[in-house]
Amino acid sequence: MRFLQKDLLEHLQGKEFEQLRTSFHSRQFAKNAFVSTPDGEENRIFIVQSGRARVYLGYEEKEFNLAILGRGDIYATHTGTFVQALEPLELLVTDVSAFLMHLASDAEVNKGMIRVLGNILQSSFSIIDGLVFKDTSCRLLHLLLNEAKREKVQPDGSVILKIELSVEQIGHLIGASRQTVSTQLNKLIKNDVLRKGSRGSFVVPDIDLLVAEYQESDCP
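Residues numbered from 1 in each chain as written. Predicted model: local features only at pLDDT ≥ 70, side-chain atom pairs only at ≥ 80, totals over all residues. Heavy atoms only, no water.

### Things to note about the sheet that holds strand 10 (residues 195–196)
Spatial ordering of the open sheet is given by 9-11-10, a layout of 3 strands whose pairing is antiparallel. This sheet does not close on itself; its edge strands, each paired only once, are strand 9 (159–161) and strand 10. (Pairing = 2+ DSSP bridges. Helix = DSSP H or I, 4+ residues; strand = E, 2+ residues; numbered from the N terminus.)

This is the structure we're talking about:
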């Protein structure tokens, strides 16, 4: 579930970005540790070196996932969201002021930041739309369809979805319990709309069947 096609870490290895690279320092976080919270005072930019983190909003006992950040993704600590490590996480971190000094001269980093924030904004609208207009099964089908559209169609017509999230984490993404997501996934597998792939992935044998399932479920 990558936001950026180009890995910013590789991009920044260019000699012309040596000064920008030296402004970053490494920070490590254990699984489930918080990188930032809405009431945090840090004002930093970070790039994911390894591991994954989720960006989410929290209200009372409810959580609404906005993004899963992976290697090469860039984000900020002052956005009013929770950022939590899904697994052992290493970040390259710099002050916003230091980052802004170099930003204007690096179009690729600039575009990367805009793409990530744009995708998170899109995710926010998708969450609102799903909670208002779609039931759980439709939200799951919508997620699977969106992921399928990002992946290449294999020679046999199938599509491999590299979601790399647990059932519980998928539940966080669509606002549903682990049990509900598990039931819906098993139904799709039973109907051969979906198959289990290698760890963290699913296989869509025929994307047309997935589209038909979405339409037959009367999803708006």
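### Focus: helix 8 (residues 207–216)
Within helix 8, the full set of buried residues consists of L210, E213 and Y214. Buried residues in helix 8, looked at end-on, bunch into an arc of 100 degrees, giving them a common side. Turned more than 90 degrees away from the buried face of helix 8, the exposed residues are D208, Q215 and E216. If you check the start of helix 8, you find a side-chain oxygen 2.9 Å away from the backbone N of D208, and it comes from D206. Just downstream of helix 8 lies D218, where phi reads positive at about 55 degrees. (Buried < 20%, exposed > 50% of the residue type's maximum accessible area, 1.4 Å probe, protein only. Arc of directions from axis to C-beta. Polar contact = N/O pair within 3.5 Å; in protein donor to acceptor, adjacent residues only side chain to side chain.)

### Observations regarding the packing of helix 5 (residues 136–150) against helix 7 (residues 178–190)
The relative placement of two packed helices comes down to the angle between their axes together with the axis-to-axis distance. Where helix 5 contacts helix 7, the two axes come as close as 10 Å, and the packing angle between them is 65 degrees. Our pair here, helix 5 against helix 7, has a crossing hand that is right-handed. Of the residues in helix 7, those in contact with T136, S137, L140, L141 and L144 of helix 5 are T180, V181, Q184, L185 and L188. When the residues that make up the contact of helix 5 with helix 7 are grouped by side-chain class, the tally is 6 nonpolar, 4 polar and no charged. (Axes fitted to C-alpha atoms, helices over the stretch in contact; angles between N-to-C directions. Left-handed = near helix turned anticlockwise from the far one by under 90°. Contact = heavy atoms within 4.5 Å. Nonpolar A, V, L, I, M, F, W, Y, C, P; charged D, E, K, R; others polar.)

### So, the pattern of salt bridges
Tallied over the full model, the rule gives 5 salt bridges. Between D95 and R44 there is a salt bridge whose closest N-O contact spans 2.8 Å. Taken as a pair, D95 in strand 8 (residues 89–95) and R44 in strand 3 (residues 44–50) lie far apart in primary sequence, 51 residues in all. With a relative accessible area of 36%, D95 lands in the partly exposed category. In this structure, the salt-bridge partner of E87 is R52, at a minimum N-O distance of 3.3 Å. With a gap of 35 residues between them, E87 in the loop between strand 7 (82–85) and strand 8 and R52 in the loop between strand 3 and strand 4 (53–59) connect regions that are remote in the sequence. By sharing partners, the salt bridges in this structure join R27, E42, R44 and D95 into a single network. (Salt bridge = Lys/Arg side-chain N within 4 Å of Asp/Glu carboxyl O.)

### Overview of the sheet that holds strand 6 (residues 74–76)
Here we have 4 strands laid out as an open sheet, ordered 1-8-3-6, and antiparallel in their pairing. If you trace the sheet from one side to the other, it starts and ends with strand 1 (25–29) and strand 6, each paired once. On average, adjacent strands in this sheet sit at an angle of 35 degrees to one another, irrespective of strand direction. Here 3 bridges tie strand 3 to strand 6, and the two strands are oriented antiparallel to one another.

That is the geometry; function is a separate question.
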